[in-house]
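# Overview (structure and organization)
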Amino acid sequence: MWSVHPSISCKITIHLSQCETIPLDFVFVIDSSRSIRPNDYEKVKTFIINLLQFFEVGSDATQIGLLQYGSVVQPEFSLNTYTTKTEVEQAVRNMKHLASGTMTGLAIQYTMETAFTEEQGARPKSLHIPRIAMIVTDGRPQDTVEEIAAEAREAGIQIFAIGVGRVDMNTLKTIGSEPHSEHVHLVANFSQIETLISVFQSKLCGGDESHMFFIPLSCQHICVSSPASYRCKCRKGFTLNPDGKTCKAEDTCAVVDHGCQHICANLPDGYECRCRPGYQLTIDNKTCNHCSDSIMDLVFVIDGSKSLGPANFELVKQFVNGIVDSLNISRMGTHVGLLQYSTKVRTEFTLNQYSTARDIKQAVTRMQYMGRGSMTGSALRHMHEFSFSAKEGARPNTPRVSIVFTDGRSQDDVSEWATKAKNSGVTIYTLGVGKAIEQELREIASEPDEKHLYYAEDFEKMGEITKKLKSRICTGTPHEAEMRSHLDFFSKISLTYPLEAMSKRLETLENQLVHK
């Protein structure tokens, strides 16, 4: 599956004149730690009251909330508590100094998770009302702030960080929004905090380009500003999602260079390539192979040990049937056999037992879980000595393929019988899940490893492995036309054909059939 998200970051700037401020949801976050002296605490309250003069406060205008923090967070009033500037000013004057620790990170978390919720008065994001937090602190946080501040900014909160005294500038920058020149301020002491009033006055009531109030917005396509607001717009062929920022293609396949060989299918968050019936999607997830003409004798060797559990064994059966669905099962096409192993080995069905995909899948569905030990070596021996015998349906001059599935360490040696099977011409693919041992999987699989060894961390992730394995098996075996040409060669050999030349020709054909 492919996603289409060409993101465009933009910053909308809104010109304000003569204090004609736009509506804001504005929350003060005030450090009330013991390091702040009582008279300095009063200066912070005066700073807040003076700053309020530049806001038009009301339920349809700017809403003000305030919380202070020390070792804990103490909300003083929320965004929907007061509807007049006078009420807000009185609430600020009534604040009491906490005189405890400095848990700035905790305060930012509360601001994001509680103060800016609709229950606390924040207006819906769909209205595009800027959410502003102004944090005033005089010391080093006693908790971590970088991660939670980044999360708050990502949630759409614009953060101004004001430091007083010995605050580390780098800490302020991890808190404040960008550009830091607009959002991060440091003054030497609380007497100088009043100098910031003129700075914020220019942001709220300025006129020229250097005096703008910055409102961050990430529109996926186009940002459109107006005198008192902004909105996102999508390019032709796209519609705006409910979040008001991202865009959804009306027909993704029509507007992107998808590269699908057969079919491009639209999905809610992108697209995916698909193949026409009888074809298999290859590993690149774009091109298709015609797998229905492939001919082989295929034997599944399935781990039925107790470590799987009944539920996962059902997933393994689905995996087998998924592979079967991609094959040309017929009397003249691909034949399939299957054996299950735990402490013992049990042949579920042989290569010559079924000649239709339907019958094979029904037999797989009927399989009973053995649920005991894990003798993978014994299973490989059985596969080598019996499963590919003429008695059980193996055909001459037909590629022999085995898919070995296991989820853990074998209780016996696997190397000897895997090597014998591969030397006899069997191509082995291994699929390990969970606690399967990589070294054992390598000893079992044919070379090179990257084409014959597959691993999934858990059973839920087998789907992607199944796709890759289907494609590899499809492209790794001769097709019907190629096999027919080889058989025609044998029927046309002259009895007078020089023995040495014929031997070389047979050797060449054998190598092609076994190793292709």
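In what follows, the accompanying structure is described. A quick note: this is a predicted structure, and the numbers were derived from the prediction, not measured.

## Notes on the sheet that holds strand E6 (residues 131-137)
With respect to topology, 6 strands assemble into an open sheet ordered E5-E4-E3-E6-E7-E8, the strand pairing being mixed. Among the strands making up the open sheet, the edge pair consists of strand E5 (73-77) and strand E8 (184-187). Between one strand axis and the next, the sheet turns through 20° on average, direction left out of account. Most of the contacts of helix H1 (residues 38-52) go to strand E3 (residues 25-31), to which it runs at about 170°, and overall it touches E3, strand E4 (63-69), E6 and strand E7 (157-164). Set on the sheet, helix H3 (residues 104-115) makes contact with E3, E4, E5, E6 and E7; between it and E4 the angle comes to about 150°.

## Observations concerning the sheet that holds strand E18 (residues 297-303)
Read from one edge of the open sheet, 6 strands run E20-E19-E18-E21-E22-E23, paired in mixed fashion. This sheet does not close on itself; its edge strands, each paired only once, are strand E20 (345-349) and strand E23 (453-456). Each neighbouring strand pair of the sheet contributes to a mean axis angle of 20°, computed without reference to strand direction. Judged from the 7 bridges that link them, strand E21 (residues 400-406) and strand E22 (residues 426-433) form a sheet pairing that is parallel. Bridged to Ile403 within E22 is Tyr429.

## Thoughts on the pairing of E4
Within E4, 7 of the 7 residues are buried, leaving the element largely enclosed by the surrounding structure. Direction of pairing for E3 relative to E4: parallel, over a ladder of 7 bridges. Within E4, the residue paired with Phe26 across the bridge is Ile64. Regarding topology, H1 serves as the crossover connection from E3 to the parallel E4, and that connection is right-handed. Here E4 runs beside E5; their pairing, made up of 4 bridges, is antiparallel.

## Thoughts on the packing of H1 against helix H2 (residues 85-93)
Relative orientation of the contacting elements H1 and H2 amounts to 175°, with a least axis distance of 9 Å. Here H1 is positioned roughly antiparallel relative to H2, judged by the angle of their axes. Contacts between H1 and H2 involve Lys45, Ile48, Ile49 and Leu52 from the former and Lys85, Val88, Glu89, Val92 and Arg93 from the latter. Class assignment for the residues of the contact of H1 with H2 results in 5 nonpolar, no polar and 4 charged.

## Quick look at the packing of aromatic side chains
By the definition in use, this model includes 6 aromatic pairs. Judged by centre distance (4.9 Å) and plane angle (50°), the ring pair of Phe26 and Phe28 falls under tilted. You'll find Phe26 and Phe28 in the same group, each marked buried. One aromatic cluster is present, formed by Phe26, Phe28 and Phe55 through successive ring pairs. Positioned over the ring face of Phe238 is Arg235, at 5.7 Å from the centre of the ring. Directly above the aromatic system of Trp417 lies the positively charged group of Lys420, at a separation of 4.2 Å from the ring centroid.

## Quick notes on the pattern of salt bridges
As enumerated under the stated definition, the model contains 13 salt bridges in all. Ionic pairing is found between Asp297 and Arg395, a salt bridge with its closest N-O pair at 2.7 Å. With Asp297 in strand E18 and Arg395 in the loop between helix H11 (376-387) and E21, this residue pair connects regions lying 98 residues apart in the sequence. Comparing Asp297 with Arg395, the two get one shared label, buried. In this structure, Arg442 engages Glu438 in a salt bridge whose closest nitrogen and oxygen atoms are separated by 2.5 Å. Of the two residues, Arg442 and Glu438 both sit in helix H13 (residues 438-444), 4 residues apart, roughly one turn of that helix. Residue classification places Arg442 among the partly exposed residues on the basis of a relative accessible area of 35%. Take Glu438: its relative accessible area is 48%, and that puts it in the partly exposed class. Through salt bridges with shared partners, one network takes in Arg37, Asp40 and Lys43.

Scoring rules and cut-offs
Residues numbered from 1 in each chain as written. Predicted model: local features only at pLDDT ≥ 70, side-chain atom pairs only at ≥ 80, totals over all residues. Heavy atoms only, no water. Pairing = 2+ DSSP bridges. Helix = DSSP H or I, 4+ residues; strand = E, 2+ residues; numbered from the N terminus. Axes fitted to C-alpha atoms, helices over the stretch in contact; angles between N-to-C directions. Contact = heavy atoms within 4.5 Å. Buried < 20%, exposed > 50% of the residue type's maximum accessible area, 1.4 Å probe, protein only. Right-handed = clockwise from strand over helix to strand, strands pointing away. Parallel < 35°, antiparallel > 145°, perpendicular 65-115°, else oblique. Nonpolar A, V, L, I, M, F, W, Y, C, P; charged D, E, K, R; others polar. Phe/Tyr/Trp six-rings, centres within 6.5 Å; stacked < 30°, edge-to-face > 60°. Lys NZ or Arg CZ within 6 Å of the ring centre and 35° of its normal. Salt bridge = Lys/Arg side-chain N within 4 Å of Asp/Glu carboxyl O.

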